[in-house]
Amino acid sequence: GDMSFTEQPTTRPATLPATLPATLPETLPAGLPAIRPATRPAVEIVIPVYNEQADLEPAVRRLGAYLRTHLPYRFQITIADNASTDLTWPIACQLASESPYVTAVHLREKGRGRALRQVWAASDADVVAYMDVDLSTDLAALLPLLAPLLSGHSDVAIGTRLRPGSRVVRGP
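Residues numbered from 1 in each chain as written. Predicted model: local features only at pLDDT ≥ 70, side-chain atom pairs only at ≥ 80, totals over all residues. Heavy atoms only, no water.

### A closer look at the pattern of salt bridges
(1) Moving on: A full pass over the atoms with the stated rule returns four salt bridges.
(2) Moving on: In this structure, Glu98 engages Arg61 in a salt bridge whose closest nitrogen and oxygen atoms are separated by 2.7 Å. In this pair, Glu98 is assigned in helix α2 (residues 88-98) and Arg61 in helix α1 (residues 56-70), connecting sequence segments 37 residues apart.
(3) Moving on: Residue class for Glu98 comes out partly exposed when judged on its relative accessible area of 43%.
(4) Moving on: Judged by its relative accessible area of 41%, Arg61 is partly exposed.
(5) Moving on: Arg112 serves as the salt-bridge partner of Asp132, at 2.4 Å between the closest nitrogen and oxygen. With a gap of 20 residues between them, Asp132 in the loop between β4 (127-130) and α4 (142-150) and Arg112 in helix α3 (residues 112-122) connect regions that are remote in the sequence.
(6) Moving on: Shared partners join several salt bridges into a network, and the residues in it are Glu57, Arg61 and Glu98. (Salt bridge = Lys/Arg side-chain N within 4 Å of Asp/Glu carboxyl O. Helix = DSSP H or I, 4+ residues; strand = E, 2+ residues; numbered from the N terminus. Buried < 20%, exposed > 50% of the residue type's maximum accessible area, 1.4 Å probe, protein only.)

Take a look at the structure:
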């Protein structure tokens, strides 16, 4: 069927507090304008999140450090907050304000599919992807997954631990 998307108005908080408040303000900012790299990103990785205040910052910093070191393409990380009720959104805003390669989008309704659809529809990247905030997939698997897409060899690539023969390691 035909899909339609509504653009959420975006505003940047004037300043973010040095430390985040213990409780959420009654209303959160509707969104954050995209902090785009000077040139269009080749890859945009979306991290959909819901109430991930404890894991968001370390995951985004780890992913960003890995991509800067190992990905030979321009990239952008987009945090798609799915109507979180904890401090996930203020943390996402803080990360976006500190980094030229991180953006934050706030959705008023929950849903991973809704978040991906909205962010991917607005993306100007050559390739869009998503990762869970727990970064459970080995980051070394990312470049082999992206390479056929970036070269034009493939239109879709799927990485999964559910494939027979996949090596899955659980725990520390």
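### Quick word on α2
(1) Moving on: Among the eleven residues in α2, eight count as buried, and that is most of the element.
(2) Moving on: Thr88, Trp89, Pro90, Ile91, Ala92, Cys93, Leu95 and Ala96 are the residues of α2 that are buried.
(3) Moving on: Tucked into the core, α2 has its buried residues touching β1 (43-49), α1, β2 (75-82) and β3 (102-107). (Contact = heavy atoms within 4.5 Å.)

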